[in-house]
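Single-letter residue listing:
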Amino acid sequence: QVQLVESGGGLVQAGGSLRLSCVASGSIFGINTMGWYRQAPGKQRELVAAISSGGRTNYADYVKGRFTISRDNAKNTVYLQMNSLKPEDTAVYYCNAGRTYVTSTQFRDYWGQGTQVTVSS
């Protein structure tokens, strides 16, 4: 069984910073892509940023230049540094481990439970 545990959410004023962390634990052979998604009330879950095992990154346009995703493959951990936060960044942020291999041939996606980020104006 693989579990993802997020931490680092909270309440911050506009212009402030937060750093999210997500640790994947369990029987893991390897994780292809790790990423962060977010879901605001009444809206669909959307991609914020993702990073491949080789370090290739992908960002949503609305966070480019403000957020930075990074990863420690040895620790199966992904981070999201969020700077210059805006009230519209308020959402529940979910960690995703895409194409996680639990054996050499078996894989699936996993999700964390989510962490609330609230940005006040």
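Further up the page is the structure itself.
**Description of the state of the cysteines**
Under the definition given, this model contains 1 disulfide. The side chain of Cys22 participates in a disulfide bridge whose partner is Cys95; the two sulfur atoms lie 2.1 Å from each other. On the sign convention where negative is left-handed, the bridge of Cys22 and Cys95, at about -80° about the S-S bond, is left-handed. Linking Cys22 in strand β3 (residues 18-26) with Cys95 in strand β9 (residues 91-101), this pair joins segments that are 73 residues apart in sequence. Just as Cys22 is buried, Cys95 falls in that class too.

**Here's the deal with the nonpolar core**
Core analysis: the biggest nonpolar cluster contains 31 residues, and Trp36, Leu80, Met82 and Tyr93 have the highest contact counts within it. Those elements that place two or more of their residues in this core are β1 (2-7), β3, β4 (30-39), β5 (46-52), β7 (67-72), β8 (77-82), β9 and β11 (115-120). Look past the residues within four positions of Leu80 in its chain and what remains in contact with it is Leu18, Arg19, Leu20, Trp36, Val48, Ala49, Phe67, Thr68, Ile69 and Tyr93.

**What about the packing of aromatic side chains?**
For the coordinates displayed, the defined rule picks out 2 aromatic pairs. Ring geometry for Tyr101 against Phe107: centres 5.1 Å apart, planes inclined by 45°, an arrangement best described as tilted. For Tyr101, a relative accessible area of 23% translates into the label partly exposed. Across from the ring centre of Tyr94, 3.7 Å away, lies the NZ or CZ of Arg45, which sits over that ring. Seen from the ring of Tyr110, Arg108 lies directly overhead, with NZ or CZ sitting 4.1 Å from the centre.

**Quick word on the pattern of salt bridges**
Considering all chains together, one arrives at 4 salt bridges under this definition. We note a salt bridge from Arg38 to Glu46, for which the minimum N-O separation is 3.0 Å. Close ionic contact of Asp61 with Lys64 constitutes a salt bridge, the shortest N to O distance being 3.1 Å. Residue class for Lys64 comes out exposed when judged on its relative accessible area of 51%. In the salt-bridge network here, residues are joined through shared partners; they are Arg38, Glu46, Arg66 and Asp89.

**Quick notes on the environment of Ala60**
Residue placement: Ala60 occurs in the loop between β6 (57-59) and β7. Under the relative-accessibility criterion, Ala60 is labelled buried at 11%. On a C-alpha basis, the gap between Ala60 and Ala49 in space is 6.2 Å, while along the polypeptide they are 11 residues apart. Residue contacts for Ala60: discarding those within four places in its chain leaves Leu47 and Val48.

Reading guide: rules and limits
- Residues numbered from 1 in each chain as written.
- Predicted model: local features only at pLDDT ≥ 70, side-chain atom pairs only at ≥ 80, totals over all residues.
- Heavy atoms only, no water.
- Disulfide = S-S within 2.5 Å.
- Helix = DSSP H or I, 4+ residues; strand = E, 2+ residues; numbered from the N terminus.
- Buried < 20%, exposed > 50% of the residue type's maximum accessible area, 1.4 Å probe, protein only.
- Core = buried A, V, L, I, M, F, W, Y, C linked by side-chain atoms within 4.5 Å.
- Contact = heavy atoms within 4.5 Å.
- Phe/Tyr/Trp six-rings, centres within 6.5 Å; stacked < 30°, edge-to-face > 60°.
- Lys NZ or Arg CZ within 6 Å of the ring centre and 35° of its normal.
- Salt bridge = Lys/Arg side-chain N within 4 Å of Asp/Glu carboxyl O.

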